[in-house]
Amino acid sequence: MEVQVPESLIRFIQSGKKFIIAGHEEPDGDCAGSQLALCSVLKRLGKTVIACSAGPFKRTEINSFASSFVSRLSAEEKEGAFVILVDCSTLERAGDMAAFLKGLPLAVVDHHARAAEGRHETGDHSPSGDETPFYLDINAPSVTFMILRIIQALGMEPNREEAELLLFGLCTDTGFFRHVDDTGAATFEAAADMIRAGANPKEIFARIHGGKSLNSRILIGIILARSRTHFGGRLVLSWETFEETEKYALEGRDSDSLYQMLQSVEGVEAICIIRQERPEDCTVGLRSRDRVDVSVIAAEFGGGGHKNASGFKYSGKIEELRPKLLEAFKKVF
Ligand SMILES: [Mn+2]
């Protein structure tokens, strides 16, 4: 069941004159798209609006958004401002921005499952005695989907620029609709609303999946060619040498594509990529399918992450790390 836009959030928007729209650090397309679309709508309502972000805008598809965000706020900018936090539920996720936002009236728009825990931390900074407006829908495919609902609840329609931003976020978080299951009819209806309002899915696809350097493709080829399976095909392990890092990875890598290709190999349950980032240390990326918990392995080496995506740093060479990693993987298979 879809969660309705809380009345308290609509009142929060209607009662404020000045807004700061914040999101999590290391923003992705859903976070940045939600922030900018919401800014645009609030401006159309005659409000003063600032989008802020701790950045960095590393991903090629959101590079060009960076200039629309500020990374610090003056006392004057904060004066009388209401904060709307999107795609996360606690100020601490806003990274370096958190210190600027503390103490201002706050509303939250999020779709992360852990958000419910954040509810207690938001406190009671309410301008009108209402509870902190907390629009949480863990089944929403993207926060931009929820921003569309807010626009509709305000009795408006997205303009063309907003629609582009909204569809961009929806495509980012659904892996261009690959993660949508049989409960996703509303996701496609929302996409249709965005397209009717002027968004162009073909252009968005090119934006998300284009713009890569040839070197990033060559590097994927080298790492794929070196891949070997272990544990009867359940683990794929490969690596990138320091020479390759220097020659091909300086303009950026495309780890998502690499993991995606290896994840499509029949029988594979976990993927491990070691990179010699510097002569003296490596980073390790771990991915897994449903059952296998790679965060256990990352934790053993002092790293962290989630069950299906985690990583760690290691002081030393690939050759000495490889046998230790294979030993550690015995625990999860
Ligand atoms: Mn999101």
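Residues numbered from 1 in each chain as written. Predicted model: local features only at pLDDT ≥ 70, side-chain atom pairs only at ≥ 80, totals over all residues. Heavy atoms only, no water.

Novice: Would you take a moment to explain the pairing of strand S11 (residues 309–315) for this structure?
Specialist: Consecutive side chains along a regular strand alternate between the two faces of the sheet. By the bridge criterion, seven bridges tie strand S9 (residues 281–288) to S11 in an arrangement that is antiparallel. Residue Val284 lies in a different strand from S11, and its bridge partner there is Phe312. Pairing of strand S10 (residues 304–305) with S11, which is carried by two bridges, proceeds in the antiparallel orientation. Bridging across to S11, Gly305 finds its partner in Ser310. Once S10 ends, the chain turns through three residues before running back antiparallel as S11. (Pairing = 2+ DSSP bridges. Helix = DSSP H or I, 4+ residues; strand = E, 2+ residues; numbered from the N terminus.)

Novice: Can you help me understand empty space enclosed by the protein in this one?
Specialist: If a probe the size of a water molecule is rolled over the atoms, the empty space left behind becomes visible. Taken as a whole and assessed by the stated rule, the structure comprises one cavity of 30 Å³ or more. Of the pockets and cavities examined, the largest cavity occupies roughly 50 Å³. The set of elements that each furnish at least two residues to the lining of the largest cavity consists of helix H10 (214–226) and helix H12 (255–263). Tallying contributions element by element places H10 first for the lining of the largest cavity, with four residues. (1 Å grid on protein atoms, 1.4 Å probe; cavity = no way out; pocket = protein on both sides within 12 Å on 5 of 7 lines; lining within 4 Å. Points joined across faces, edges and corners; volume = space filled by probe spheres on them.)

Novice: Whenever I open this one, the sheet that holds strand S1 (residues 18–22) confuses me. Can you help?
Specialist: Ordered by their spatial adjacency, five strands build an open sheet running S2-S1-S3-S4-S5, and the pairing between neighbours is parallel. With one partner strand each, in any of the chains shown, strand S2 (48–52) and strand S5 (134–136) form the two edges of the open sheet. Averaged over all adjacent pairs, the angle separating strand axes in this sheet is 15°, with direction ignored. Sheet strands in contact with helix H2 (residues 29–44) are S1, S2 and strand S3 (82–86), and its direction is about 170° off that of S2. Its contacts with the sheet put helix H6 (residues 143–153) on S3, strand S4 (106–110) and S5, and the angle it makes with S4 is roughly 120°. (Axes fitted to C-alpha atoms, helices over the stretch in contact; angles between N-to-C directions. Contact = heavy atoms within 4.5 Å.)

Novice: Would you mind going over the sheet that holds S10 with me for this structure?
Specialist: Working definition: the strands of a sheet are paired by backbone hydrogen bonds and lie parallel or antiparallel to each other. Within the open sheet, the six strands sit side by side as S6-S7-S8-S9-S11-S10. Their pairing is mixed. A single partner strand is all that each edge strand has here, and the edge strands are strand S6 (228–230) and S10. In the sheet, strand S7 (residues 235–240) pairs with strand S8 (residues 270–278) via six bridges, with the strands oriented parallel. Within S8, the position partnered with Val236 by the bridge is Ile271. Lying over the sheet, H10 contacts S6, S7 and S8, oriented at roughly 130° with respect to S7. Lying on the sheet, helix H14 (residues 318–329) is in contact with S6, S7, S8, S9 and S11; it crosses S8 at an angle near 155°.

Novice: Just checking my understanding: could you explain the nonpolar core for this structure?
Specialist: If you look at the biggest cluster of nonpolar residues, it comprises 50 residues, and the most contacted ones within it are Phe65, Ile84, Val109, Ile147, Ile150 and Leu167. Non-local contacts of Ile84, meaning those with residues more than four positions away in its chain, are made with Phe12, Ile13, Phe19, Ile20, Ile21, Ala22, Leu38, Leu42, Ala107 and Val109. Ranked by size, the runner-up nonpolar core spans 22 residues in total, among them Trp239, Cys282, Leu321 and Ala328. (Core = buried A, V, L, I, M, F, W, Y, C linked by side-chain atoms within 4.5 Å. Buried < 20%, exposed > 50% of the residue type's maximum accessible area, 1.4 Å probe, protein only.)

Novice: What's the story with the state of the cysteines in this structure? I'm lost.
Specialist: Formally, a disulfide is one covalent bond, and it connects the sulfur atom of one cysteine to the sulfur atom of another. Scanning all chains against the criterion turns up zero disulfides. Just so you know, Cys88 is unpaired, no disulfide at all, and the nearest cysteine sulfur is the one on Cys31, 6.3 Å from it. By relative accessible area, Cys88 is classed as buried at 3%. Counting only cysteine sulfurs, Cys272 is the nearest neighbor of Cys282, a cysteine outside any disulfide, at a range of 10 Å. Residue classification places Cys282 among the buried residues on the basis of a relative accessible area of 1%. (Disulfide = S-S within 2.5 Å.)

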